Amino acid sequence: MSNQLVIRFGSLGDLCVLGWSLARLADATAPNRPRVTLVTKTVWADLAWKFRGVDRVVAPEGGGAVAVMKMASALRNDPYDRVIDAHNVMRSHLLLGMMGRRPDARLAKDTAARLAFIRFGRPSPKLDVTMRDRFDGLFPEIGSGENPPTEPPLIHLASQAGSPPAEAPLGLAPGAQWSTKRWPDNKFNDLVKSFLETSFGRVRIFIGPREEAWFADSPLAALAQFEPTGRVEIVRDNTLLEIAAGLAECRRLVTNDSGLLHLAEAVGTPVTALFGPTVREFGYFPQLPTSRVLETELDCRPCSRNGKKACHRGDLACLDRITVDDVLAALDGGKELA
C-alpha cells in the first residue's frame, strides 16, 4: 500500500471537487488503495475527514509562516511515496520547501487563459479542461479517458440511500462570496412564494455567517419569519458537517455559483445553479447528471475570474434576466446537463 500526501488548503468548492478525485482514486485502486493524508485549512478539516478515500487530515495550527513550519516539521519524517500539490500557491510551495520535498505532481493553473478569455474572448484548449479533470490528472492510478461512475465523495452523510422522499425540502443557497454572483434577493423571495403557492413542499434556506448582514433586511428573511404555515426553515449557525447533512436531506438545491453548490453535489443532492459573471469554461459547472444550470448569454460574460469585479453595466443583467419562471421550469423538469 502506497502512502500519498495531498495538499489543498481551500476553498470549500475546490476542496469538494478534489473530493471526487480522491473518491475515484479509492475506487480505482481498491482493494489496495493508497493511504491518503490530506493537508487543508483548519476550517475545512472536519469535513475533509469524511471524504471517501481520505485516511488522515492535517491542518495548520494558526496562521502565517510559523504554522506552516510546524506542520512541515510534523510531516517531514513521514515516508510518503507520492506528494501531490493540488493547490500550487505560495503556501503549498512554502510547506514543501520546509519539508525538503519536491512534489511528484502539481496542479496546472489556467489563470492566463482565463484572463485572455475575459479580455479578448479568446478561447483556449486549456479552458476545455474542468477542475475535476485537472484534479484527476494528478493521480495516474485513475487513468485517462472516461472513468466509471463514482458515487459522490460524501454520499454516506445522507440519512438514506437512493432518491430523497417526496416530502424532502427544496434547498436554497441565496448567498455567494461576491454580491455580483448572487441572483437578486427579491427573485429568491418570489421563487419561494411561487413554490409555496403551487406545491405542498417545504423550503430550507442555508445562510452562512458572512451573509447575515444583507440577509437580515432582505424580503426573503421577512417571508421566512412570517410564513404562516411554517414551511420555510432557515439554517444558520451550523457546523459544516451539519450543513452537509442538511443539504443531503434536500431534494434539490437552488444555488448561486458558490461553495454550497459543490458541497450539495458532494453529498449527492442535485443543484439548479444560477451562473452570472462566471462561465462553464472556468471549470466549475456542476457534475451530477441531474443538476442543471441557468445562465444568460451576454457578450460581456465572463467579466471576471471569480465574480469579484463589479458589474460594469450596473444592472447585473446576466443574473437579473434569469426569471422565477425559468427556475420553476428547471425544477419541474428541464433538460439534464450533457
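Higher on the page you've got the structure.
Residues numbered from 1 in each chain as written. Predicted model: local features only at pLDDT ≥ 70, side-chain atom pairs only at ≥ 80, totals over all residues. Heavy atoms only, no water.

Draft legend 1. Representation of the sheet that holds strand E6 (residues 170–173) within the structure. Sheet architecture is open: six strands sit in the order E8-E7-E6-E9-E10-E11, paired in parallel fashion. Of all strands in the sheet, those bounded by a partner on one side alone are strand E8 (232–235) and strand E11 (292–294). Strand-to-strand twist across the sheet, computed as the mean angle between neighbouring axes with direction ignored, equals 20°. Across four bridges, strand E9 (residues 252–256) lies against strand E10 (residues 271–274) in parallel orientation. (Pairing = 2+ DSSP bridges. Helix = DSSP H or I, 4+ residues; strand = E, 2+ residues; numbered from the N terminus. Axes fitted to C-alpha atoms, helices over the stretch in contact; angles between N-to-C directions.)

Draft legend 2. Examining the sheet that holds strand E4 (residues 82–85) more closely. If you trace the five strands from one edge of the open sheet to the other, you get E3-E2-E1-E4-E5, paired in parallel fashion. Because the sheet does not close on itself, it has two edges, and the strands there are strand E3 (56–58) and strand E5 (105–106). By the bridge criterion, five bridges tie strand E1 (residues 3–7) to strand E2 (residues 35–39) in an arrangement that is parallel. Bridge pairing in E2 links Ile 7 to Val 39. Against the sheet, helix H3 (residues 64–75) touches E1, E2 and E3, its axis set at about 145° to E3. (Contact = heavy atoms within 4.5 Å.)

Draft legend 3. Here's a closer look at the nonpolar core. In this structure, Val 6, Leu 18, Leu 38, Phe 139, Leu 247, Leu 260 and Leu 263 are the most contacted members of the largest nonpolar core, which totals 50 residues. Counting residues per element, the ones that place at least two in this core are helix H1 (12–29), E2, helix H2 (45–48), helix H6 (131–136), helix H10 (240–248), helix H11 (259–266) and E10. A total of seven residues in this core trace back to one element, the largest contributor, which is H1. Contact partners of Phe 139, with chain neighbours within four places excluded, come to Gln 4, Val 6, Leu 18, Ser 21, Leu 22, Leu 25, Arg 82 and Ile 84. In this structure, Leu 196, Ala 317, Ile 322 and Val 324 belong to the second largest nonpolar core, which totals 30 residues. (Core = buried A, V, L, I, M, F, W, Y, C linked by side-chain atoms within 4.5 Å. Buried < 20%, exposed > 50% of the residue type's maximum accessible area, 1.4 Å probe, protein only.)

Draft legend 4. Structural detail: the packing of aromatic side chains. Summed over the entire model, instances satisfying the criterion amount to three aromatic pairs. The interplanar angle of 80° and the centroid separation of 5.0 Å between the aromatic rings of Trp 183 and Phe 188 together place this pair among those described as edge-to-face. The burial state of Trp 183 is the same as that of Phe 188; both residues are buried. Geometry around Phe 9 places Arg 91 over its ring, the cationic atom sitting 4.8 Å from the centre. One Lys or Arg, Arg 182, reaches over the ring of Trp 214 and ends 4.1 Å from the middle of that ring. (Phe/Tyr/Trp six-rings, centres within 6.5 Å; stacked < 30°, edge-to-face > 60°. Lys NZ or Arg CZ within 6 Å of the ring centre and 35° of its normal.)

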